[in-house]
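# Reading the structure
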Amino acid sequence: MAKNNTHSNHPAVKITIVYDNNSTDKDLTADWGFACVVEVGQRTILFDTGDNGKILLENMQKLNINPHKIDVVFLSHYHHDHTGGLKDFLSANSTVKVYFPQSIPESIIETITSTGAEGIPVSVHRELFPGADTLGEFGGVIPEQSLAVHSSRGVVIIAGCAHPGISGILRKTKTLFPGEMIYLVLGGFHLHKMPDNEIENTILEFNELTVGKVAPAHCCGNTARELFQKAWGKDYIGVAPGEIVEID
(Lines give C-alpha, C1' and ligand atoms only; values in the text may rest on other atoms or scores of the structure.)
Protein backbone atom coordinates (compact mmCIF):
# COMPACT_ATOMS: atom_id res chain seq x y z
CA MET A 1 0.00 0.00 0.00
CA ALA A 2 1.01 3.61 -0.43
CA LYS A 3 3.03 5.44 2.17
CA ASN A 4 1.16 7.97 4.26
CA ASN A 5 1.41 11.68 3.54
CA THR A 6 1.71 13.96 6.57
CA HIS A 7 -0.52 17.00 7.05
CA SER A 8 0.27 18.23 10.56
CA ASN A 9 -2.23 21.12 10.36
CA HIS A 10 -5.24 18.80 10.41
CA PRO A 11 -6.98 17.98 13.73
CA ALA A 12 -7.16 14.53 15.26
CA VAL A 13 -9.94 12.29 13.93
CA LYS A 14 -11.86 9.63 15.83
CA ILE A 15 -14.50 7.41 14.23
CA THR A 16 -16.75 5.23 16.41
CA ILE A 17 -19.09 2.71 14.80
CA VAL A 18 -22.44 2.91 16.57
CA TYR A 19 -24.64 0.91 14.16
CA ASP A 20 -23.81 -1.97 11.85
CA ASN A 21 -25.12 -5.43 11.01
CA ASN A 22 -21.79 -7.14 11.76
CA SER A 23 -21.14 -7.92 15.40
CA THR A 24 -18.13 -8.58 17.64
CA ASP A 25 -19.38 -7.13 20.96
CA LYS A 26 -22.21 -8.99 22.67
CA ASP A 27 -23.01 -5.89 24.77
CA LEU A 28 -23.85 -3.84 21.69
CA THR A 29 -26.77 -4.55 19.38
CA ALA A 30 -26.04 -5.36 15.74
CA ASP A 31 -28.80 -4.61 13.22
CA TRP A 32 -29.09 -4.09 9.47
CA GLY A 33 -28.02 -0.51 8.80
CA PHE A 34 -25.15 1.84 9.44
CA ALA A 35 -24.16 4.82 11.56
CA CYS A 36 -20.91 6.16 12.96
CA VAL A 37 -19.83 9.11 15.08
CA VAL A 38 -16.98 11.14 13.57
CA GLU A 39 -15.01 13.51 15.79
CA VAL A 40 -12.92 16.07 13.89
CA GLY A 41 -11.08 18.17 16.42
CA GLN A 42 -13.77 19.81 18.55
CA ARG A 43 -16.63 19.11 16.13
CA THR A 44 -18.70 15.91 15.99
CA ILE A 45 -20.74 14.38 13.17
CA LEU A 46 -23.32 11.61 13.32
CA PHE A 47 -23.02 9.92 9.92
CA ASP A 48 -26.36 8.22 9.18
CA THR A 49 -28.70 6.99 11.90
CA GLY A 50 -29.18 3.27 11.29
CA ASP A 51 -32.60 1.64 10.96
CA ASN A 52 -33.87 1.77 14.54
CA GLY A 53 -33.61 4.80 16.80
CA LYS A 54 -33.86 2.79 20.02
CA ILE A 55 -30.88 0.64 19.01
CA LEU A 56 -28.93 3.70 17.87
CA LEU A 57 -29.40 5.59 21.12
CA GLU A 58 -28.80 2.53 23.30
CA ASN A 59 -25.54 1.72 21.50
CA MET A 60 -24.45 5.36 21.80
CA GLN A 61 -25.24 5.30 25.51
CA LYS A 62 -23.22 2.11 26.04
CA LEU A 63 -20.33 3.75 24.19
CA ASN A 64 -20.61 6.87 26.39
CA ILE A 65 -21.55 9.09 23.45
CA ASN A 66 -23.92 11.84 24.52
CA PRO A 67 -26.40 12.80 21.74
CA HIS A 68 -25.94 16.45 22.77
CA LYS A 69 -22.29 16.15 21.76
CA ILE A 70 -23.35 15.88 18.10
CA ASP A 71 -23.10 19.10 16.07
CA VAL A 72 -23.94 17.77 12.61
CA VAL A 73 -26.06 14.91 11.27
CA PHE A 74 -24.97 13.73 7.83
CA LEU A 75 -27.46 11.58 5.89
CA SER A 76 -25.88 9.65 3.03
CA HIS A 77 -29.16 8.71 1.31
CA TYR A 78 -32.84 8.12 1.98
CA HIS A 79 -32.98 4.37 2.68
CA HIS A 80 -34.56 3.51 6.02
CA ASP A 81 -31.54 1.54 7.26
CA HIS A 82 -29.63 4.85 7.16
CA THR A 83 -32.37 7.28 8.23
CA GLY A 84 -34.67 5.17 10.41
CA GLY A 85 -33.11 6.40 13.65
CA LEU A 86 -33.32 10.07 12.68
CA LYS A 87 -36.59 10.93 14.41
CA ASP A 88 -35.54 9.38 17.72
CA PHE A 89 -32.13 11.04 17.55
CA LEU A 90 -33.64 14.46 16.86
CA SER A 91 -36.01 13.92 19.78
CA ALA A 92 -32.89 13.65 21.93
CA ASN A 93 -31.00 16.51 20.25
CA SER A 94 -32.55 18.86 17.69
CA THR A 95 -29.93 21.61 17.97
CA VAL A 96 -28.00 20.23 15.02
CA LYS A 97 -27.47 20.91 11.34
CA VAL A 98 -28.69 18.04 9.16
CA TYR A 99 -27.05 17.73 5.74
CA PHE A 100 -28.95 15.60 3.24
CA PRO A 101 -28.90 14.98 -0.54
CA GLN A 102 -31.15 17.56 -2.20
CA SER A 103 -33.35 14.87 -3.77
CA ILE A 104 -34.20 13.19 -0.45
CA PRO A 105 -37.96 12.55 0.06
CA GLU A 106 -40.04 15.36 1.53
CA SER A 107 -41.12 13.12 4.42
CA ILE A 108 -37.55 13.02 5.74
CA ILE A 109 -37.21 16.79 5.37
CA GLU A 110 -40.43 17.17 7.38
CA THR A 111 -38.98 14.93 10.10
CA ILE A 112 -36.01 17.30 10.32
CA THR A 113 -37.83 20.62 10.22
CA SER A 114 -40.64 19.55 12.57
CA THR A 115 -38.12 19.15 15.39
CA GLY A 116 -36.58 22.58 14.85
CA ALA A 117 -33.32 21.18 13.50
CA GLU A 118 -31.68 23.04 10.62
CA GLY A 119 -31.97 21.07 7.38
CA ILE A 120 -29.40 21.78 4.67
CA PRO A 121 -29.83 20.24 1.21
CA VAL A 122 -26.65 19.24 -0.63
CA SER A 123 -26.16 19.29 -4.38
CA VAL A 124 -22.44 19.91 -4.91
CA HIS A 125 -19.18 19.60 -3.00
CA ARG A 126 -19.02 21.95 -0.02
CA GLU A 127 -17.26 22.30 3.30
CA LEU A 128 -19.30 21.42 6.38
CA PHE A 129 -16.69 22.97 8.65
CA PRO A 130 -12.87 23.08 8.50
CA GLY A 131 -11.69 19.49 8.16
CA ALA A 132 -14.92 17.97 6.84
CA ASP A 133 -16.61 18.13 3.43
CA THR A 134 -19.48 16.56 1.58
CA LEU A 135 -18.45 15.34 -1.85
CA GLY A 136 -21.84 16.49 -3.13
CA GLU A 137 -24.81 14.49 -4.33
CA PHE A 138 -23.95 11.65 -6.71
CA GLY A 139 -26.83 11.06 -9.10
CA GLY A 140 -28.36 7.79 -10.20
CA VAL A 141 -31.32 5.63 -9.26
CA ILE A 142 -30.44 6.16 -5.59
CA PRO A 143 -28.70 9.54 -5.15
CA GLU A 144 -26.15 9.63 -2.35
CA GLN A 145 -23.53 11.82 -0.71
CA SER A 146 -20.30 10.73 0.98
CA LEU A 147 -18.23 12.41 3.67
CA ALA A 148 -14.59 13.46 3.31
CA VAL A 149 -12.58 14.08 6.48
CA HIS A 150 -9.10 15.59 6.25
CA SER A 151 -6.70 13.89 8.64
CA SER A 152 -2.99 14.20 9.36
CA ARG A 153 -2.41 11.14 7.15
CA GLY A 154 -4.68 11.96 4.24
CA VAL A 155 -8.35 12.13 3.38
CA VAL A 156 -10.80 9.69 4.95
CA ILE A 157 -13.87 8.78 2.91
CA ILE A 158 -17.00 7.51 4.66
CA ALA A 159 -19.74 6.02 2.47
CA GLY A 160 -23.21 4.94 3.53
CA CYS A 161 -23.95 2.35 0.83
CA ALA A 162 -22.11 3.74 -2.23
CA HIS A 163 -25.12 3.07 -4.48
CA PRO A 164 -23.64 5.28 -7.24
CA GLY A 165 -20.45 3.17 -7.14
CA ILE A 166 -17.61 3.30 -4.61
CA SER A 167 -14.93 3.58 -7.31
CA GLY A 168 -16.60 6.66 -8.80
CA ILE A 169 -16.81 8.21 -5.33
CA LEU A 170 -13.07 7.69 -4.87
CA ARG A 171 -12.23 9.04 -8.32
CA LYS A 172 -14.16 12.22 -7.51
CA THR A 173 -12.24 12.43 -4.24
CA LYS A 174 -8.94 12.41 -6.14
CA THR A 175 -10.27 15.13 -8.44
CA LEU A 176 -11.42 17.34 -5.57
CA PHE A 177 -8.33 16.80 -3.41
CA PRO A 178 -5.47 16.01 -5.81
CA GLY A 179 -2.79 16.80 -3.22
CA GLU A 180 -4.04 14.29 -0.64
CA MET A 181 -3.77 10.53 -0.58
CA ILE A 182 -6.87 8.52 0.31
CA TYR A 183 -5.79 7.24 3.71
CA LEU A 184 -8.94 5.29 4.62
CA VAL A 185 -12.22 4.27 2.99
CA LEU A 186 -14.85 3.19 5.54
CA GLY A 187 -18.51 2.22 5.26
CA GLY A 188 -20.80 0.45 2.84
CA PHE A 189 -19.41 -0.39 -0.60
CA HIS A 190 -22.60 -2.16 -1.78
CA LEU A 191 -20.83 -5.34 -2.88
CA HIS A 192 -22.90 -7.95 -1.04
CA LYS A 193 -24.68 -9.16 -4.20
CA MET A 194 -21.76 -8.73 -6.57
CA PRO A 195 -19.92 -11.67 -8.19
CA ASP A 196 -16.33 -12.28 -7.11
CA ASN A 197 -14.84 -10.87 -10.32
CA GLU A 198 -16.59 -7.51 -9.80
CA ILE A 199 -15.34 -7.38 -6.23
CA GLU A 200 -11.82 -8.14 -7.47
CA ASN A 201 -12.13 -5.34 -10.03
CA THR A 202 -13.14 -2.95 -7.25
CA ILE A 203 -10.09 -4.01 -5.26
CA LEU A 204 -7.89 -3.33 -8.30
CA GLU A 205 -9.38 0.16 -8.60
CA PHE A 206 -8.74 0.81 -4.89
CA ASN A 207 -5.13 -0.17 -5.47
CA GLU A 208 -4.83 2.05 -8.53
CA LEU A 209 -6.09 4.94 -6.42
CA THR A 210 -3.49 4.06 -3.72
CA VAL A 211 -6.01 3.64 -0.90
CA GLY A 212 -4.05 3.18 2.31
CA LYS A 213 -6.54 1.41 4.59
CA VAL A 214 -9.99 -0.12 4.12
CA ALA A 215 -12.86 -0.70 6.52
CA PRO A 216 -15.75 -2.32 4.62
CA ALA A 217 -19.01 -2.29 6.56
CA HIS A 218 -22.75 -2.91 6.39
CA CYS A 219 -23.66 -3.86 2.78
CA CYS A 220 -20.24 -5.12 1.68
CA GLY A 221 -21.00 -8.78 2.36
CA ASN A 222 -18.80 -11.53 3.76
CA THR A 223 -17.08 -12.35 0.48
CA ALA A 224 -16.02 -8.75 -0.12
CA ARG A 225 -14.77 -8.36 3.44
CA GLU A 226 -12.71 -11.53 3.10
CA LEU A 227 -11.21 -10.43 -0.23
CA PHE A 228 -10.43 -6.93 1.03
CA GLN A 229 -8.84 -8.38 4.16
CA LYS A 230 -6.68 -10.67 2.03
CA ALA A 231 -5.62 -7.77 -0.20
CA TRP A 232 -4.92 -5.21 2.56
CA GLY A 233 -3.62 -7.41 5.37
CA LYS A 234 -2.65 -5.29 8.39
CA ASP A 235 -4.25 -2.26 6.73
CA TYR A 236 -7.68 -3.89 6.84
CA ILE A 237 -9.99 -2.70 9.65
CA GLY A 238 -12.92 -4.84 10.76
CA VAL A 239 -16.13 -2.90 11.35
CA ALA A 240 -18.80 -3.60 13.95
CA PRO A 241 -20.61 -1.59 16.64
CA GLY A 242 -18.01 -0.40 19.13
CA GLU A 243 -15.08 -0.39 16.71
CA ILE A 244 -13.01 2.80 17.03
CA VAL A 245 -10.59 4.22 14.47
CA GLU A 246 -8.29 7.02 15.65
CA ILE A 247 -6.00 9.14 13.49
CA ASP A 248 -3.71 11.54 15.35
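This text goes with the structure placed above it.
Residues numbered from 1 in each chain as written. Predicted model: local features only at pLDDT ≥ 70, side-chain atom pairs only at ≥ 80, totals over all residues. Heavy atoms only, no water.

This brings us to the packing of helix 6 (residues 196-208) against helix 7 (residues 222-232). A pair of packed helices can be characterised by two numbers: the angle between their axes and the separation between those axes. For the pair helix 6 and helix 7, interaxial distance at closest approach is 10 Å and the crossing angle is 40°. The handedness of the crossing between helix 6 and helix 7 is right-handed. From helix 6, D196, I199, E200, T202, I203, F206 and N207 reach across to helix 7, where they touch T223, A224, L227, F228, A231 and W232. (Axes fitted to C-alpha atoms, helices over the stretch in contact; angles between N-to-C directions. Helix = DSSP H or I, 4+ residues; strand = E, 2+ residues; numbered from the N terminus. Left-handed = near helix turned anticlockwise from the far one by under 90°. Contact = heavy atoms within 4.5 Å.)

By size, the foremost hydrophobic cluster in this structure holds 30 residues, and its most contacted members are I15, V38, I45, L147, I158, L184 and L186. Not counting residues within four places of it along the chain, the set of residues in contact with L186 comprises I15, I17, F34, I157, I158, A159, A215 and V245. Of all hydrophobic cores here, the second largest spans 27 residues; its members include A148, A159, A162 and F206. (Core = buried A, V, L, I, M, F, W, Y, C linked by side-chain atoms within 4.5 Å. Buried < 20%, exposed > 50% of the residue type's maximum accessible area, 1.4 Å probe, protein only.)

This part covers the pattern of salt bridges. This model, assessed by the stated rule, comprises six salt bridges. A salt bridge links E39 to K69; the nearest nitrogen and oxygen atoms lie 3.1 Å apart. Separated by 30 residues along the polypeptide, E39 in strand 2 (residues 35-40) and K69 in the loop between helix 1 (53-62) and strand 4 (72-74) bring together distant segments of the chain. Using a relative accessible area of 38% as the deciding quantity, one classes K69 as partly exposed. Note that R43 and D71 form a salt bridge whose closest N and O atoms lie 3.8 Å from each other. (Salt bridge = Lys/Arg side-chain N within 4 Å of Asp/Glu carboxyl O.)

For the rest of this paragraph, the subject is the sheet that holds strand 1 (residues 13-19). Taken in spatial order, the seven strands of this open sheet run 6-5-4-3-2-1-13, and their pairing is mixed. Edge positions in the open sheet fall to strand 6 (118-122) and strand 13 (244-247), since each of these has one partner strand only. For this sheet the average axis-to-axis angle between neighbouring strands, irrespective of direction, equals 20°. Here five bridges tie strand 5 (residues 97-101) to strand 6, and the two strands are oriented parallel to one another. Across the sheet, P101 pairs through a bridge with V122, a residue of strand 6. (Pairing = 2+ DSSP bridges.)

Right, let's get into the environment of I70. By secondary structure assignment, the location of I70 is in the loop between helix 1 and strand 4. If we ignore the near neighbours within four places in the chain, the residues touching I70 are V37, T44, I45, L46, M60, F89, N93 and V96.

Within this structure, the stated rule accounts for seven aromatic pairs. Ring centres of F47 and F74 lie 5.3 Å apart, and the angle between their planes is 15°; on these two criteria the pair is classed as stacked. Here the residue F47 occupies a position in strand 3 (residues 43-47), and F74 occupies one in strand 4, the gap between them amounting to 27 residues. Each member of the pair F47 and F74 is classed as buried. Of the aromatic side chains, those joined through ring pairs into one cluster are F189, F206, F228 and W232. Lying across the ring of F129, R43 places its NZ or CZ 4.5 Å from the centre. Sitting over the ring of F138, K172 keeps its end group 4.8 Å from the ring centre. (Phe/Tyr/Trp six-rings, centres within 6.5 Å; stacked < 30°, edge-to-face > 60°. Lys NZ or Arg CZ within 6 Å of the ring centre and 35° of its normal.)

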